Amino acid sequence: MEKISYAKYLHLHNRSLESRFFLGFPSFSSLTRLVLQGPLDSCGIVVSVGRILEQTPNLEILSLCMEERVKDTEDQYGTMGEEYEDDVVEKEMDAVSDDLFVAPDEFMVPDEASFSMPCLRHRVKEINMVHYVGDETQRMMARLLFRNALVLERMCVVLVKGTFELQSKLKNEIDSWVVADVEKIFL
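Residues numbered from 1 in each chain as written. Predicted model: local features only at pLDDT ≥ 70, side-chain atom pairs only at ≥ 80, totals over all residues. Heavy atoms only, no water.

Naming follows an unreviewed UniProt entry, where the protein chain appears as FBD domain-containing protein of Triticum aestivum.

This is the structure in structure tokens:
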């Protein structure tokens, strides 16, 4: 990663961003534009985006291309394939007692104070979110980004196809989180 630490534009495509991966992430002080593409399927992804933002102090444009979740499946021949999920994240820890389980960073819901990155407060001028369905994790991400982007000038949210009523509800909810006076585009 050190070889690309002076990049001005970075596009990361992932299946799942684990927050611990970004603990050793180099500082990208020259990075002004970042595109993160992949499923946004857990609080851990939100924590990871926060860690990335900590290492991009001069970021001006942030784009999230949120894909449907993908899970590995085994077909009749025993080979692994991929299956797309639309539904809510499955609970994987059902068998573990809540009393014995201590949640790692990936499962902790970030709060406003822990997510107020300097680049959001002082640099980020544009946020784009593509394939917004308004599930719990996407809502958390949008709320944290838009509430902390104080110098935001432009935002674009591409909503998934749905009824006018659903899209209107999602648009109004996002509108309520935006604190800056911005150009708002909803598609």
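In this structure, Met-129, Tyr-132 and Phe-146 are the most contacted members of the largest nonpolar core, which totals 42 residues. Beyond its immediate stretch of four places on either side in the chain, Phe-146 contacts Ile-127, Met-129, Leu-152, Met-155, Val-157, Ile-174, Trp-177, Val-178 and Val-179. (Core = buried A, V, L, I, M, F, W, Y, C linked by side-chain atoms within 4.5 Å. Buried < 20%, exposed > 50% of the residue type's maximum accessible area, 1.4 Å probe, protein only. Contact = heavy atoms within 4.5 Å.)

On to the sheet that holds strand β2 (residues 33-39), then. With parallel pairing, six strands are arranged side by side in an open sheet as β1-β2-β3-β6-β7-β8. Two strands lie at the open edges of the sheet, namely β1 (9-13) and β8 (183-186), each paired on one side alone. Across the sheet, the mean angle separating the axes of adjacent strands is 10 degrees when strand polarity is ignored. Sheet analysis places β2 next to strand β3 (residues 61-67), joined by seven bridges and oriented parallel. The residue bridging Leu-36 from the neighbouring strand is Leu-64, located in β3. (Pairing = 2+ DSSP bridges. Helix = DSSP H or I, 4+ residues; strand = E, 2+ residues; numbered from the N terminus. Axes fitted to C-alpha atoms, helices over the stretch in contact; angles between N-to-C directions.)

Tallying each qualifying case throughout the model produces one cavity of 30 Å³ or more. Looking at the largest cavity, its volume works out to about 80 Å³. Considering the residues around the largest cavity, the lining is formed by twelve residues, among which Leu-36, Gly-38, Pro-39, Leu-40 and Ile-45 are closest to the centre. At the level of secondary structure, the elements contributing two or more residues to the lining of the largest cavity comprise β2, α1 (43-54) and β3. A per-element tally of the lining of the largest cavity places β2 first, with four residues. (1 Å grid on protein atoms, 1.4 Å probe; cavity = no way out; pocket = protein on both sides within 12 Å on 5 of 7 lines; lining within 4 Å. Points joined across faces, edges and corners; volume = space filled by probe spheres on them.)

All right, on to the pairing of strand β6 (residues 126-132) then. Among the seven residues in β6, five count as buried, and that is most of the element. Pairing of β3 with β6 involves five bridges; the strand directions are parallel. The residue bridging Leu-64 from the neighbouring strand is Met-129, located in β6. Two strands pair when backbone bridges link them, and β6 and strand β7 (residues 154-159) are joined in this way by six bridges, in the parallel orientation. Each bridged residue has a counterpart across the sheet, and for Val-130 the counterpart in β7 is Val-158. Taken together, β6, helix α3 (residues 136-148) and β7 form a β-α-β motif whose crossover is right-handed. (Right-handed = clockwise from strand over helix to strand, strands pointing away.)

Take the pairing of β2 next. Judged by how many residues are buried, β2 sits mostly within the fold: five of seven residues are covered. With five bridges connecting them, β1 and β2 associate as parallel partners. Looking at the pairing, Leu-12 lines up with Leu-36 of β2.

Predicted coordinates in areas of low pLDDT are best not read in detail. In the predicted model, the protein chain carries a mean pLDDT of 77, and 68% of its residues have values of at least 70. For the protein chain, strand β5 (residues 80-85) is the element with the lowest average pLDDT, namely 46, and β6 is the one with the highest, namely 97. Taken as a whole, residues 71-75 scores under 50 in pLDDT and shows 15 contacts with residues more than four places along the chain or in a different chain. Within the model, the stretch residues 82-107 combines pLDDT values under 50 with 33 contacts to residues more than four positions away or in other chains. (pLDDT = per-residue confidence, 0-100.)

This brings us to the side chain of Asp-135. Relative to the helices and strands, Asp-135 resides in the loop between β6 and α3. In this structure the side chain of Asp-135 is engaged in a polar contact, spanning 2.8 Å, whose partner is the backbone nitrogen of Gln-138. (Polar contact = N/O pair within 3.5 Å; in protein donor to acceptor, adjacent residues only side chain to side chain.)

Let us look at α1. Taking 1.5 Å per residue, twelve residues should reach 16 Å; α1 reaches 17 Å between its end C-alpha atoms and fits that length. Three or more residues of α1 are buried, namely Cys-43, Gly-44, Ile-45, Val-46, Val-47, Ser-48, Val-49, Gly-50, Arg-51, Ile-52 and Leu-53. Here the buried face of α1 lies against β2, β3, α2 (118-122) and α3. (Expected span 1.5 Å × (residues − 1).)

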